[in-house]
Number of protein chains: 2
Amino acid sequence: MPAQPPTSGTTGAPAPVAHLRVQRVRPAYRQVADELRTQILAGALPAGTRLPNEAELGRAFGVSRSTAREALRVLSSQHLVETHRGVQGGTFVSEPDPARVVEDVGSALGVLVMTPRLHVSDLLEARLLLEPAAARLAAQRADTETVEAVRAAAAAPRDDRDPSGFVGHLDFHTTLLMATGNLMLTLMGQPVNDVLRTRLRRAGIEAREWDKVDACHREIAEHIAEGRAGDAEEAMRDHIVELRRLYERDGIWA
Amino acid sequence: MPAQPPTSGTTGAPAPVAHLRVQRVRPAYRQVADELRTQILAGALPAGTRLPNEAELGRAFGVSRSTAREALRVLSSQHLVETHRGVQGGTFVSEPDPARVVEDVGSALGVLVMTPRLHVSDLLEARLLLEPAAARLAAQRADTETVEAVRAAAAAPRDDRDPSGFVGHLDFHTTLLMATGNLMLTLMGQPVNDVLRTRLRRAGIEAREWDKVDACHREIAEHIAEGRAGDAEEAMRDHIVELRRLYERDGIWA
DNA sequence: GTGGGGAAAACGTCAGACGTTTAGCGTCCC
DNA sequence: GGGACGCTAAACGTCTGACGTTTTCCCCAC
């Protein structure tokens, strides 16, 4: 624990000093990154904007190209910019991408789940809160196209092999979250599902149980298709509770 | 497109080739970052581990120090590692930090809110879904210490000035989310609140309205203190609906 | 004992060079 | 005249080596 401030040989009270967050001096690459991020978030650099090349960018900030590059690495790892090579390449401000956000949140959650602070049961509780409500909303708002997507997701064959095809399939729960028309719900729910799925990898669940799951999905899909919001919500709640039982029995969560 | 397999002297159709997502070649700094991330997430490098210094790390991966550094910048901007200077400095695997995650999610949301895909009304709907349930859970689980924290947050003077003090105060809604004992709920709800707060910056809301808000907070706090889960939930729902009205009237959301 | 002054280990930054990728354009051969 | 081939230039990607800066630790003088 080297971060301890020197409480050395003081005689009397060690002087409270409150919060001596000295802020040191932020490294140059961080300052450059922060400045650029601020400009991007403020809208001064709209999506698609091409930044100056690395050498010029460095000159503009009074730093070397390497430093400018490190700043760009930071921004690009946060998906604020992306770089392309070749003539006509360069660094461009990214279009905001919900899928990317879901990914990031999911991986951040993945880290937290390893700690005692965030238990898998917390995720299940959150899911139990979120998805029934999502089912209700989906039932209330379903347009025909969305209904069809949900039905398709519920009917999709359970092929865990062949992970490449099935671009549009995703998962029933994902599809349902999206069917609410509220992106925020997807953003909150999807990472939870992702984490749970990776945790459940190869738990010994038998085909008979999967059939039951599929049946639930189809039932919920029908409720939604018919606009029976209350039934959809309740069915989803039961489904999640059932899933939770499965997780708690077979889930290998350390 | 040099990755094209030599479809050379084929006479007929140009060969569909399906999905030739050649993935190009990921840059070295990305490969290094991905490899390290994988090891960290797999638990092979537990929090607190000190990585080799940049030069050695580069040697270990067969890349130069600059490349290794760029990889570390990526990881550190994702809060997977942090670097310190000086002897005994170096790069260390970070302890997972929920507050950091909340920050990240919040800023990611901030970006998305600028798009038409994610509207502020979506945030409000999500909040209306989340916080009443949180109030219910808090009422069900409240231990005396938590109750006290919630009460304190509700009673806290509304000092928008003096942003430095009040380290423990935060916000009533934040405190309540934490009072559920389910970190996941905080993780989902807090970024929403953050985004809403920044959007509402300096909306012309009068003192009388703030008094009303505070009254609601105190009422909810009391419901929770007394363990009246249903009342807490309902009061919170009313409160959020009321807040939504305020936002919709005064909120300056583009 | 205590305080101060190196010394050493790491990161931070710089400068310059060369490789690699990519798009665009011109040329050459049907 | 048209299309394939190959060259070229702009940017990023990577390497090398050097020097500055920060921070800790330890020894030595007082």
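Residues numbered from 1 in each chain as written. Chains lettered and ligands numbered in written order. Predicted model: local features only at pLDDT ≥ 70, side-chain atom pairs only at ≥ 80, totals over all residues. Heavy atoms only, no water.

So, the interface of chain A and chain B
The accessible area lost on association of the parts is a frequent measure of interface size. Listed per partner, the contact involves 41 residues of chain A and 41 residues of chain B. Taking both sides of the interface into account, the surface hidden between chain A and chain B amounts to around 3700 Å²; carbon and sulfur atoms contribute 72%. Scanning the region where chain A abuts chain B turns up six salt bridges. R69 of chain A serves as the salt-bridge partner of E70 of chain B, at 2.8 Å between the closest nitrogen and oxygen. Here chain A and chain B share 13 residue pairs in polar contact (both at pLDDT 80 or more) between them. (Contact = heavy atoms within 4.5 Å. Buried area = accessible area lost by both parts, 1.4 Å probe. Salt bridge = Lys/Arg side-chain N within 4 Å of Asp/Glu carboxyl O. Polar contact = N/O pair within 3.5 Å; in protein donor to acceptor, adjacent residues only side chain to side chain.)

Details of the protein's contact with DNA strand C
Neighbouring DNA strand C are 27 residues, the closest being A28, S64 and T67 of chain A together with E54 and R65 of chain B. Among atoms of DNA strand C positioned within 4 Å of the protein, sugar and phosphate together represent 73%. Contacts to DNA strand C include A28 of chain A, whose backbone N or O atom sits 2.3 Å from a phosphate oxygen. With respect to DNA strand C, the side chain of R65 of chain A contributes an N or O atom lying 3.4 Å from a base nitrogen. Looking at the surface near DNA strand C, the elements that each hand over two or more residues are helix 1 (28-41) and helix 3 (65-77) of chain A together with helix 3 (65-77), strand 1 (81-84) and strand 2 (90-93) of chain B. Here the residues of the surface near DNA strand C are counted per class, giving six nonpolar, 12 polar and nine charged. (Near = heavy atom within 4 Å. Helix = DSSP H or I, 4+ residues; strand = E, 2+ residues; numbered from the N terminus. Nonpolar A, V, L, I, M, F, W, Y, C, P; charged D, E, K, R; others polar.)

Points about the pairing of strand 1 (residues 81-84) of chain A
All names here are of chain A. Here strand 1 pairs with strand 2 (residues 90-93) via four bridges, running antiparallel. Each residue of the ladder has a partner; that of H84, found in strand 2, is G90. Counting the residues that bridge the hairpin from strand 1 to strand 2 gives five residues, and of these G86 lies at a positive phi of roughly 85°. (Pairing = 2+ DSSP bridges.)

So, the protein's contact with DNA strand D
The local shell around DNA strand D holds 28 residues, among which R65 of chain A together with A28, S64, S66 and T67 of chain B are the closest. Within 4 Å of the protein, atoms of DNA strand D come from sugar and phosphate in 68% of cases. Interatomic distance of 2.3 Å between a backbone N/O atom of A28 of chain B and a phosphate oxygen of DNA strand D. At 2.6 Å from a phosphate oxygen of DNA strand D is found a side-chain nitrogen or oxygen belonging to T67 of chain B. Residue assignment for the surface near DNA strand D shows that the elements contributing at least two residues are helix 3, strand 1 and strand 2 of chain A together with helix 1 (28-41) and helix 3 of chain B. Taken together, the residues of the surface near DNA strand D break down into seven nonpolar, 12 polar and nine charged.

Structural notes on the packing of helix 5 (residues 120-141) of chain A against helix 5 (residues 120-141) of chain B
Packing of helix 5 of chain A against helix 5 of chain B leaves a shortest axis separation of 11 Å and a crossing angle of 145°. Of the two elements, helix 5 of chain A crosses helix 5 of chain B, and the hand of that crossing is right-handed. On the side of helix 5 of chain A, the interface is formed by E125, L129, L130, A133, L137 and R141 of chain A, while helix 5 of chain B contributes E125, L129, L130, A133, L137 and R141 of chain B. Residues of the contact of helix 5 of chain A with helix 5 of chain B, tallied by class, amount to eight nonpolar, no polar and four charged. (Axes fitted to C-alpha atoms, helices over the stretch in contact; angles between N-to-C directions. Left-handed = near helix turned anticlockwise from the far one by under 90°.)

Quick word on the relation of the copies chain A and chain B
Of the two same-sequence chains, chain A is brought onto chain B (RMSD 0.1 Å, axial shift 0.1 Å) by a rotation of 180°. Viewed as a symmetry operation, the transformation between the two copies matches a two-fold axis. (Least-squares fit on C-alpha atoms with pLDDT ≥ 70 in both.)

Here's the deal with unusual backbone geometry
Residues and elements named next belong to chain B. You will see that H79, though not glycine, has its phi angle at about 65°, which is positive. Counting through the fold element by element, H79 comes out in the loop between helix 3 and strand 1. Judged by relative accessible area, which is 29%, H79 ranks as partly exposed. Even without being a glycine, Q88 presents a positive backbone phi close to 65°. Residue placement: Q88 occurs in the loop between strand 1 and strand 2. The class for Q88 is exposed, based on a relative accessible area of 56%. (Buried < 20%, exposed > 50% of the residue type's maximum accessible area, 1.4 Å probe, protein only.)

Describing the packing of helix 4 (residues 98-113) of chain A against helix 8 (residues 183-200) of chain A
Residue and element names in this part refer to chain A. The interhelical angle for the contact between helix 4 and helix 8, taken along N-to-C directions, is 45°, at an axis separation of 8 Å. Classified by the angle between their axes, helix 4 and helix 8 sit oblique to one another. The two elements helix 4 and helix 8 meet at a crossing, and its hand is right-handed. Of helix 8, the residues touching helix 4 (which contributes P98, V101, V102, V105, G106, L109, G110 and V113) are L183, T186, L187, Q190, P191, V192, D194, V195 and R199. (Parallel < 35°, antiparallel > 145°, perpendicular 65-115°, else oblique.)

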